[in-house]
Amino acid sequence: MTHVRVLLTVVLLVIVSSPATSAAEQIGKANFASSIPIIEPKVEYHNQGDKVTVTYLIKPKTDDDRKKLDDRHYVLSTELNMPEWKISIVYYNGGIESFSIRDEKEVDVHVKNWEDGLGQISINLTGFIPQISEWYQEVVLLSFKISDADEDSLAPITVKVVDQLKFEMKLSEIEDAYMNLYSQVENATFDVSDVLDLLKGAERDIKYAKEYYSKNKFEEAKDSLSTAKEKIENAEIKFLKSRLKSKFEELELEKKDISNELTLIRYELDEFEKRGLNVVLLKVNLSEIEEDLKFLDVTLSKISIHLESENYPTAEKNIKIAEEKLNGVRVKLGELKSEVSKIRAEQRGLFDTLIQFLKQYLIYIGGIIVGIIGVVLATRLRGRRRKWDELR
């Protein structure tokens, strides 16, 4: 009988302390008691490399929650460097499990299935604030991932970290972006009034950010810098839009002027051809330029569509293509105009030579003409006198 009682006691202990085979009940923040973390040192802002200690208790909210919180895995994580964990699992009306872990940024705490459930989990964590990527950033001291529980069951514990050097670099970066754009806007030959309004706002926000930072109001300084950066980025987009639109209009105007020039040149070549001059090659060159203008027409249409849809990178790419084509057209047009000018000069030269010749020999030719006229008149006069003498 005694052996039976001992065996029964062992079986009961095994049943009580062994993990449950059934699925755990889903839990959430309502099942946990409110707990305030203790963070040392007690400062509003930390620096990189600071040594920090956080102490935290995970406790059930009610007596009924004690059983709901046991038989689970509590995965604890930290962003601290060189972490040292001291963890105690206290079972209600039961024993305590304590252990220490070093240099592990994630720890799996297994709370077993206990008769009266979980009393509390005591966490003590010490480590060093890591390097931050931004000048102002929150670092997670402790976060929780609990099996069969809502993600927001326990809020992460964070501290605010400031890097003064990164702030100065960020400030300098934003100021440089502001000055670079402002210098471009000052030299613009098109309307930039909306761009200037944004830049004035960004200038004010940069000033506010400096003032807030000097007063250790880092949240406000961060917001002001972010606002300044956003305004500068919007100003850059507006400036790009205005610049591309202005360039597009310039290209369209020049293309129209070249088309008018080609019309006049074609008329002049036709006139040369009527005079028997060989201008076939020049007309071929003219046709090549006209084909280039057709390609330019297509490209300008694409640019117009991209500007309308605010696809500025593609619009700028096509503007560069149009500029390259237009540069080639300018060269070809210059060569064609030069050849036409030569023919025009030669034709004018022949006419001028004729005029000079006529001027040079005009006196002699006039004398000859006068002499001929005099001979004719004298001959006629003699003939009349003879007839008069005969009549007499």
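What comes next is a walk through the structure. Note that this is a predicted model, so its numbers are computed, not measured. (Residues numbered from 1 in each chain as written. Predicted model: local features only at pLDDT ≥ 70, side-chain atom pairs only at ≥ 80, totals over all residues. Heavy atoms only, no water.)

## Side note on the sheet that holds strand E3 (residues 72-77)
- Spatially, the four strands line up as an open sheet ordered E6-E3-E8-E9, and their pairing is antiparallel. With partners counted over all chains shown, the strands left at the sheet margins are strand E6 (106-111) and strand E9 (157-162), one partner each. Pairs of neighbouring strands in the sheet enclose a mean axial angle of 20 degrees, with direction left out of account.
- Looking at chain direction, E3 and strand E8 (residues 136-146) are connected through four bridges and run antiparallel. In the sheet register, Leu-76 faces E8, and the bridge partner there is Phe-144. (Pairing = 2+ DSSP bridges. Helix = DSSP H or I, 4+ residues; strand = E, 2+ residues; numbered from the N terminus. Axes fitted to C-alpha atoms, helices over the stretch in contact; angles between N-to-C directions.)

## Quick word on the packing of helix H3 (residues 164-186) against helix H5 (residues 218-274)
- Relative to each other, H3 and H5 sit at 25 degrees, their axes nearing to 10 Å. Looking at the two axes, H3 sits roughly parallel to H5. Helix-helix and strand crossings are classified by hand; for H3 and H5 the assignment is left-handed. The segment H3 lies against H5, with Phe-167, Lys-170, Leu-171, Ile-174, Ala-177, Tyr-178, Leu-181, Gln-184 and Val-185 engaging Leu-225, Ala-228, Lys-229, Ile-232, Ala-235, Glu-236 and Phe-239.
- Across the contact of H3 with H5, the residue classes tally to 12 nonpolar, one polar and three charged. (Parallel < 35°, antiparallel > 145°, perpendicular 65-115°, else oblique. Left-handed = near helix turned anticlockwise from the far one by under 90°. Contact = heavy atoms within 4.5 Å. Nonpolar A, V, L, I, M, F, W, Y, C, P; charged D, E, K, R; others polar.)

## Some details on the sheet that holds strand E7 (residues 118-128)
- The strand order across the open sheet built from five strands is E1-E2-E7-E4-E5, with neighbouring strands paired in antiparallel fashion. The open sheet is flanked by strand E1 (38-40) and strand E5 (96-102), the only strands paired with a single partner. On average, each strand axis in the sheet is inclined to that of its neighbour by 10 degrees, with strand direction left out of account.
- As paired elements, E1 and strand E2 (residues 51-58) share three bridges and run antiparallel to each other. Counterpart to Glu-40 in the pairing with E2 is Thr-53.

## Here's the deal with the pairing of E8
- By the bridge criterion, six bridges tie E8 to E9 in an arrangement that is antiparallel. Note on E9: the bridge partner recorded for Tyr-136 is Val-162.

## Regarding the packing of H5 against helix H6 (residues 280-308)
- Two elements in contact, H5 and H6, have axes whose closest approach is 10 Å; the angle formed by their N-to-C orientations is 160 degrees. Of the possible angle classes, the one that applies to H5 and H6 is roughly antiparallel. Two packed elements cross with a definite hand, and for H5 against H6 that hand is left-handed.
- Of the residues belonging to the contact of H5 with H6, the class tally is 15 nonpolar, three polar and nine charged.

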